[in-house]
Amino acid sequence: MTSDATKTSVELPLDYYHQNFCQVLSVVQQRYGDLLSEYELGFLQKFYSASKNAQCLYVRLSGRSKSLFRLSKIQYSEIPNLSHAAIELDNLELISLSADLEIEEMLPLFTKPELIELLGISNGSKFKRSDLDAYILEQRSILTLTRLKNADTIVAVLQEEHLPTFRLCFFGNLYQDLTEFVLRDLAVYRFESYSLDTTSRQFESRKQLEQHLRFYACSMLCDETVAEGSESIVALSKALPTPLAHDYSLIRRVSRLRNRLARDLERQQHDELALNLYEKSNYPPSRERRARIYMATGKIEQSFSLCHEILQAPVDEAEAVFAQQFSQRHAKRHNKPWDPIVTTVPEVRHLELEKDRSVELDTANHLARDGTCFYVENSLFSSVLGLAIWPAIFAPVQGAFSHPFQHRPDDFYDADFKARRKDYIDDALMLQRNEPTIFKQKLLKTYTTKQGTANPLVHWQAIDETLLKKALEQIPVAHWQLVFERLLADLRNNRNGLPDLIYFPDDGGYELVEVKGPGDRLQNNQKRWMQFFHSHGIPHWVAQVSWKVEPENV
DNA sequence: ACCTTTCACCCAACC
DNA sequence: GTTTCACCCG
DNA sequence: GGTTGGGTGAAACGGGTGAAA
Ligand SMILES: [Mn+2]
Ligand SMILES: [Mn+2]
């Protein structure tokens with residue numbers, strides 16, 4: 001096996017997690033020191049005043065999902081004198097070795113056999129774990145708590161509540177954590193070595209920082225709140241932060257959460273409450289949902305006028321398509337005048353295939369009899385664009401890069417992403433028009449040298465050199481450029497919906513094929529791409545697959 | 001790139 | 001004994 | 001039968017381990 005070589009090729013230092021943790025603290029202290037609360041600053045003081053050994057223990061424990069541990073069960077080979085370190089942390093009040101705990105908190109720290117032994121529960125092994133816990137709690141015995149406490153020293157990690165603040169400041173989000181460091185160092189993730197913008201900050205005030213923290217708190221409550229019913233949902237919606245006017249990313253996420261909550265109010269038949277909430281959201285599909293609710297509840301005029309409003313200033317193409325089609329469909333029923341728009345239906349070819357793997361792969365296999373076929377979905381055009389405009393993606397634009405673990409520049413989905421990198425992008429596109437051969441060489445070179453490096457447009461696992469070469473050879477430059485323009489016009493919404501397959505017939509040329517199995521149909525984003533292909537003469541069709549019936553019927 | 005994204009698949013209601 | 005799952009790890 | 005809306009689930013680093021069933 002060669003795995004031995006790959007395993008040992010990257011060796012992390014013994015204290016890797018401590019280094020990473022300190023790196024985060026130090027960057028945050030430097031960049032955001034003025035926004036930290038006295039408690040967070042106090043935490044830094046305490047942490048730094050501990051010995052390295054004790055710091056390591058704290059980092060280890062704070063990185064785990066629970067906050068309570070049994071001292072005897074904690075073991076890290078690189079931390080000697082564990083109980084010594086624990087006492088040191090206890091003195092600093094970074095952990096507590098004498099926390100006042102309830103039985104409920106203690107029980108999960110012991111295994112089933114341990115509980116049976118310690119509490120002397122006869123035939124306890126017949127219980128399911130959850131029933132055993134319930135049984136012990138039911139007893140309400142004073143002895144239980146003391147027996148458990150005597151069994152082991154319990155470690156309660158303190159001051160952990162500050163860590164999300166540090167993570168948020170460092171990463172700009174709460175879904176990334178210290179494993180980013182490890183995965184990068186193990187070369188599981190590769191990041192471009194872009195230059196960090198140290199002049200601008202994502203958070204300019206304590207207020208803004210707390211708005212983001214509050215948003216995460218709300219969004220974590222979302223699931224259980226929805227289950228509780230309409231009052232809780234409305235209460236949560238009122239607890240949402242009001243983002244600053246320029247904080248577009250938070251505005252968007254708060255709007256999305258509003259949409260989510262409003263959708264659940266709809267499900268619970270609270271149309272009025274849902275409408276109120278949708279009105280406070282400026283992100284699709286809030287207006288679509290409102291138009292649907294109006295129509296469904298007989299407020300015909302309001303529905304039509306909202307559709308009109310959407311068409312005056314659609315937030316995105318999907319919203320416009322909805323307003324047009326929804327109005328068109330309902331205009332007939334309500335005798336309203338409406339200019340119909342003729343939509344073209346893509347060519348459909350019917351195929352009857354043997355079911356083997358997936359409908360896409362089976363179709364690709366079928367087409368490969370007279371050519372070459374790749375299952376690319378959204379990967380091909382996006383990846384080629386990403387390779388072509390590599391320098392644009394990682395250009396040192398104001399506010400684009402704030403930490404080394406970004407899969408994309410912070411402004412990637414902003415409307416002015418293209419404008420702010422106009423020269424880079426124009427250069428790349430012009431090269432493709434004027435010097436297509438050099439363009440191809442350069443692109444293939446980027447493919448090789450940047451292999452695996454995170455780029456929001458490049459799907460490394462879905463492309464290979466054979467595909468790239470074939471595609472660059474068979475797809476005309478004009479077609480590439482048309483697709484690139486559409487992608488760049490709305491990176492968020494146009495990066496999906498591309499056809500499943502690209503087929504290169506032996507006779508030359510290429511065809512984009514969307515595969516549909518029995519019971520499947522074109523999605524809206526797929527229709528929009530097909531409409532686009534139609535109006536620009538880009539070859540495309542839909543493979544409508546049905547399965548050959550097996551001789552022995554099921 | 002997980003606070004998600006994206007797609008196929010499945011079911012129900014409507015004409 | 002076996003499988004499954006959540007968690008932790010590098 | 002053809003349309004439409006809506007809901008669900010999988011899969012996103014890979015491997016080891018202890019607890020539960
Ligand atoms: Mn597909
Ligand atoms: Mn398909």
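Residues numbered from 1 in each chain as written. Chains lettered and ligands numbered in written order. Predicted model: local features only at pLDDT ≥ 70, side-chain atom pairs only at ≥ 80, totals over all residues. Heavy atoms only, no water.

Undergrad: What is the right way to look at the coordination of the manganese ion (ligand 2) in this model?
TA: Metal coordination angles have textbook ideals: 109.5 degrees for a tetrahedral set of four donors and 90 or 180 degrees for an octahedral set of six. With distances of 2.0 to 2.2 Å, the protein atoms coordinating the manganese ion (ligand 2) are D500 (OD), E514 (OE) and V515 (O). Spacing between the donor residues of the manganese ion (ligand 2) along their common chain follows D-x13-E-V. Distance-wise, the manganese ion (ligand 1) is placed 3.5 Å from the manganese ion (ligand 2), both being coordinated by D500. A residue pair is termed long-range when its members are at least 10 positions apart, and D500 in the loop between α27 (491-494) and β6 (501-505) and V515 in strand β7 (residues 511-516) qualify at 15 residues. Residue D500 is classed as buried on the basis of its relative accessible area, which comes to 2%. (Donors = N, O, S within 2.8 Å, 3.2 Å for Na, K, Ca; no water. Helix = DSSP H or I, 4+ residues; strand = E, 2+ residues; numbered from the N terminus. Buried < 20%, exposed > 50% of the residue type's maximum accessible area, 1.4 Å probe, protein only.)

Undergrad: Looking at this structure, I do not really get unusual backbone geometry. What am I missing?
TA: Negative phi values dominate among residues other than glycine, just as trans dominates among peptide bonds. Of the consecutive residues P284 and P285, the connecting peptide bond is found in the cis state with omega at 5°. Structurally, P285 is set in the loop between α15 (271-279) and α16 (286-296). Despite not being glycine, N81 has its phi angle at roughly 50°, a positive value. Take N81: it is sitting in the loop between β1 (68-70) and α5 (82-91).

Undergrad: For this particular structure, what's the right way to read the protein's contact with DNA strand B?
TA: The environment of DNA strand B is formed by 21 residues, the closest being Y175, N378, R408, N496 and G497. Here the atoms of DNA strand B within 4 Å of the protein split so that 74% fall in sugar or phosphate, with bases taking the remainder. Note that a phosphate oxygen of DNA strand B is positioned 3.3 Å from one of the side-chain N or O atoms of R252. In the model, a base nitrogen of DNA strand B is placed 3.4 Å from a nitrogen or oxygen of the H407 side chain. At the level of elements, α12 (206-228), α14 (248-267), β7 and α28 (524-535) are the ones that each hand at least two residues to the surface near DNA strand B. With three residues, α14 is the single largest residue contributor to the surface near DNA strand B. Partitioned by chemical class, the residues of the surface near DNA strand B number three nonpolar, seven polar and eleven charged. (Near = heavy atom within 4 Å. Polar contact = N/O pair within 3.5 Å; in protein donor to acceptor, adjacent residues only side chain to side chain. Nonpolar A, V, L, I, M, F, W, Y, C, P; charged D, E, K, R; others polar.)

Undergrad: How should I be thinking about the packing of helix α23 (residues 422-434) against helix α26 (residues 477-489) in this particular structure?
TA: Where α23 contacts α26, the axes come no closer than 10 Å and their chain directions differ by 160°. Taken together, the axes of α23 and α26 lie roughly antiparallel to each other. Crossing hand, α23 versus α26: left-handed. Residues I425, L429, Q432 and R433 of α23 form the contact with α26, whose participating residues are V477, W480, Q481, F484, E485 and L488. (Axes fitted to C-alpha atoms, helices over the stretch in contact; angles between N-to-C directions. Parallel < 35°, antiparallel > 145°, perpendicular 65-115°, else oblique. Left-handed = near helix turned anticlockwise from the far one by under 90°. Contact = heavy atoms within 4.5 Å.)

Undergrad: Sorry, what's going on with the protein's contact with DNA strand D here?
TA: Close contacts around DNA strand D come from 15 residues, with R129, R267, R289, R292 and R521 the closest. Residue R521 places a side-chain N or O atom 2.7 Å away from a base nitrogen belonging to DNA strand D. Taken together, the elements giving at least two residues each to the surface near DNA strand D come down to α7 (112-119), α14 and α16. Split by residue class, the surface near DNA strand D holds four nonpolar, one polar and ten charged.

Undergrad: Is there a simple way to think about helix α24 (residues 436-449) in this case?
TA: Each α-helix winds once per 3.6 residues, and so residues spaced three or four apart point in a common direction. In this model, α24 (14 residues) spans 20 Å end to end at C-alpha, consistent with the 20 Å of a helix rising 1.5 Å per residue. Within α24, the full set of buried residues consists of F439, L443, L444, T446 and Y447. Down the axis of α24, the sector holding all buried residues measures 155°, keeping them to one side. Residues of α24 that are exposed and angled more than 90 degrees away from the buried face: T437, Q441, K442, K445 and T449. (Expected span 1.5 Å × (residues − 1). Arc of directions from axis to C-beta.)

Undergrad: Would you take a moment to explain the environment of S383 for this structure?
TA: Looking at the element boundaries, S383 is found in helix α20 (residues 379-388). Its relative accessible area of 0% is what places S383 among the buried residues. On a C-alpha basis, the gap between S383 and G537 in space is 22 Å, while along the polypeptide they are 154 residues apart. Leave out the neighbours within four places in its chain, and S383 touches L457, V458, H459 and I463.

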